[in-house]
Amino acid sequence: MHFFRLALCAAVAVAGVAPASALAFADKPIKMIVPAPPGGTIDVMARIVSDQLSRDIGQPVVVENKPGAGGAIAVKYLLSQPADGQALMVTASNVLTEVPHVLKGGFDPLKDVKPLSLMALSSMLFICSPQFPARDAKEAIAYVKAHPGQVSYASYSAGTASQYAGAILNKTAGLDMQHVPYPGSAPALAQLMGGQVPLMFDGAVTSRNLIAAGKVRLLAVATKTRLPEFPNVPTLAELGYPQLNFSNWTGVIASSQMPAPLAEKIHAALQKVAANAAVRERLIGAGFEPMPERSLAQAQSELREEYDRNADIVKTFDIKLN
């Protein structure tokens, strides 16, 4: 009888953890690597995803920020770890599809990594410091044109869409803005708010609260259509610059050496996170646009398409690090 009671208790205990164990793909804490400083777009996503993933799989998910070299430091660190699911990376697509065209980071984004889940989009905004004498993009462009070589624009990293957008605007509008790269959105935005650099292309996630607080001014959106959050703000396409259409996806990647069955299991766990109502609410509240589910094959295809598109942009607009 004593043995029966022990067996029954054990069965109940197993049943109690079944939901987590069914999703679990690791038996110890997981590293969630972030190729950017705390507080930026990728870091915000990483902490939202990690919180829920930890609850779902019953293991701690620890965020590790490893900024630098356009994301290459973080990617190479990921690739140095065993491909057993204990080390994953949250990244924006620019680390894989933009930066490698102008900065050789020592990895091949199409061969060395695989996307496990594309979770949300972050759209690009054209913003300025409160001191800048322009109320909208049309006035800003006119001002820069009247002051050739005297106006600079910040980017959150060299070789990203934040730089691409400024380079494209320079060429298509006949401007001569000077590019000033920073190691992430937070330091660039600090300089923008202080007026040390007047213009910037930044993601909606990191700049939206500053716009609402009047600490930076929104001039236009660099997307194909207007954003629901800013319905009265025109797109740069409306102003005659359709090439300025940038929305980065943010999601989770792993080493391409990860076995396919494990990748599928982690993909399923991440899609459960992405479908969680509380997670979606937090993502939308942070300025992200949740994405419909993609299979692993579809995610890999989108990675290649975006990589090829940016290769054309770099060639067409002769984009260099600075």
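An account of the accompanying structure is given in this report. (Residues numbered from 1 in each chain as written. Predicted model: local features only at pLDDT ≥ 70, side-chain atom pairs only at ≥ 80, totals over all residues. Heavy atoms only, no water.)

**Quick notes on the overall build of the chain**
Phase 1: Within the chain, the regular secondary structure consists of eleven helices and ten strands.
Phase 2: Relative to a compact globule of 322 residues, whose C-alpha radius of gyration would be 20 Å, the chain shows 22 Å and is just as compact.
Phase 3: Across its three principal axes, the chain shows a C-alpha extent of roughly 90 × 40 × 30 Å.
Phase 4: For the chain, the residues scored as buried account for 54% of the 322 residues in total.
Phase 5: Within the chain, contacts between residues at least 6 apart in sequence are counted, and of these 78% link residues at least 24 apart.
Phase 6: Total accessible area computed for the chain in this model is approximately 14,000 Å², and 57% of it derives from carbon and sulfur atoms.
Phase 7: Here the chain contributes 28 positive and 25 negative side-chain charges, whose respective centroids are spaced 2 Å apart. (Helix = DSSP H or I, 4+ residues; strand = E, 2+ residues; numbered from the N terminus. Rg over C-alpha atoms; globule rule 2.2 N^0.38 Å. Buried < 20%, exposed > 50% of the residue type's maximum accessible area, 1.4 Å probe, protein only. Contact = heavy atoms within 4.5 Å. Areas by Shrake-Rupley, 256 points an atom, 1.4 Å probe, with all protein chains shown as cover. Lys, Arg positive; Asp, Glu negative; His and termini not counted. Charge placed at Lys NZ, Arg CZ, Asp CG, Glu CD.)

**Description of the pairing of strand S6 (residues 178-181)**
Every other side chain in a regular strand lies on the same face of the sheet, so the side chains alternate between the two faces.
Phase 1: With four bridges connecting them, strand S5 (residues 152-155) and S6 associate as parallel partners. In the strand pairing of S6, Ala154 is matched with Val180.
Phase 2: Handedness of the β-α-β unit built from S5, helix H6 (residues 161-173) and S6 comes out right-handed. (Pairing = 2+ DSSP bridges. Right-handed = clockwise from strand over helix to strand, strands pointing away.)

**Regarding the packing of H6 against helix H11 (residues 296-316)**
Phase 1: One way to put it is that H6 packs onto H11 with a least axis distance of 11 Å and a crossing angle of 45°. Comparing the axis directions of H6 and H11 gives the class oblique. In terms of crossing hand, the pair formed by H6 and H11 is left-handed. Contacts between H6 and H11 involve Tyr164, Ile168 and Lys171 on the former and, on the latter, Asn310, Ile313, Val314 and Thr316. (Axes fitted to C-alpha atoms, helices over the stretch in contact; angles between N-to-C directions. Parallel < 35°, antiparallel > 145°, perpendicular 65-115°, else oblique. Left-handed = near helix turned anticlockwise from the far one by under 90°.)

**Some points on the environment of Asn245**
Phase 1: With respect to the secondary-structure elements, Asn245 resides in the loop between strand S8 (217-221) and strand S9 (247-255).
Phase 2: What makes Asn245 partly exposed here is its relative accessible area of 23%.
Phase 3: When the C-alpha atoms of Asn245 and Pro130 are compared, they prove to be 24 Å apart, with 115 residues separating the residues in sequence.
Phase 4: Among the polar contacts made by the side chain of Asn245, one reaches the main-chain amide nitrogen of Lys224 at a distance of 2.9 Å. (Polar contact = N/O pair within 3.5 Å; in protein donor to acceptor, adjacent residues only side chain to side chain.)

**Considering the side chain of His101**
Phase 1: Residue position: His101 is located in the loop between helix H4 (94-97) and strand S4 (113-128).
Phase 2: Among the polar contacts listed, one links the side chain of His101 to the backbone oxygen of Thr97, at a separation of 3.3 Å.
Phase 3: A polar side-chain atom of His101 sits 2.9 Å from the main-chain carbonyl oxygen of Tyr307.
Phase 4: Each residue touching His101, except ones within four places of it in the same chain, is listed here: Tyr164, Tyr307, Asn310, Ala311 and Val314.

**Side note on the environment of Val113**
Phase 1: Inspection of the secondary structure puts Val113 in strand S4.
Phase 2: Val113 gets classed as buried once you look at its relative accessible area, which sits at 2%.
Phase 3: With 142 residues separating them along the chain, Val113 and Ser255 place their C-alpha atoms 4.5 Å apart.
Phase 4: Here Val113 is in contact with Val75, Leu79, Leu96, Asp108, Ile253, Ala254, Ser255, Ser256 and Gln300, once residues within four sequence places are set aside.

**What to know about the side chain of Ser152**
Phase 1: As for its placement among the helices and strands, Ser152 is situated in strand S5.
Phase 2: Once residues lying within four places of it in the same chain are set aside, the contact partners of Ser152 are Gln178, Val180, Val197, Pro198 and Leu199.

**Notes on the pattern of salt bridges**
Phase 1: A complete count under the given rule lists seven salt bridges for this structure.
Phase 2: Of the charged contacts in the structure, one is a salt bridge between Arg47 and Asp43, with a shortest N-O distance of 3.0 Å. Pair noted here: Arg47 and Asp43 are both in helix H2 (residues 41-57), with a separation of four residues, about one helical turn.
Phase 3: For Arg47, a relative accessible area of 35% translates into the label partly exposed.
Phase 4: Arg226 is the partner of Glu238 in a salt bridge, and the nearest nitrogen-oxygen pair spans 2.8 Å. Of this pair, Glu238 sits in the loop between S8 and S9 while Arg226 sits in the loop between S8 and S9, and the two are twelve residues apart along the sequence.
Phase 5: The exposure class of Glu238 is partly exposed, given its relative accessible area of 45%.
Phase 6: In this structure Arg226 comes out as partly exposed when scored by relative accessible area, which is 37%. (Salt bridge = Lys/Arg side-chain N within 4 Å of Asp/Glu carboxyl O.)

**Thoughts on the nonpolar core**
Phase 1: Judged by nonpolar contacts, the single largest core of 53 residues is most densely connected at Phe126, Leu169 and Leu199.
Phase 2: The element best represented in this core is H6, accounting for seven residues.
Phase 3: Ignoring anything within four residues of it in the chain, the contact list for Leu199 reads Phe126, Ile127, Cys128, Phe132, Val144, Val151, Ser152, Tyr153, Ala154, Met177, Leu192 and Leu219. (Core = buried A, V, L, I, M, F, W, Y, C linked by side-chain atoms within 4.5 Å.)

**A closer look at H11**
Phase 1: In a regular helix each residue adds 1.5 Å, so 21 residues correspond to 30 Å; H11 covers 31 Å between its end C-alpha atoms and thus fits that length.
Phase 2: Packing partners of the buried residues in H11 comprise H4, S4, H6, S9 and helix H9 (260-275). (Expected span 1.5 Å × (residues − 1).)

**Looking at unusual backbone geometry**
Phase 1: Positive phi, normally seen in glycine, also occurs at Ala69, with a value near 55°.
Phase 2: In this structure Ala69 comes out as partly exposed when scored by relative accessible area, which is 44%.
Phase 3: Even without being glycine, Asp318 reaches a positive phi, approximately 50°.
Phase 4: With respect to the element layout, Asp318 can be found in the segment after H11.

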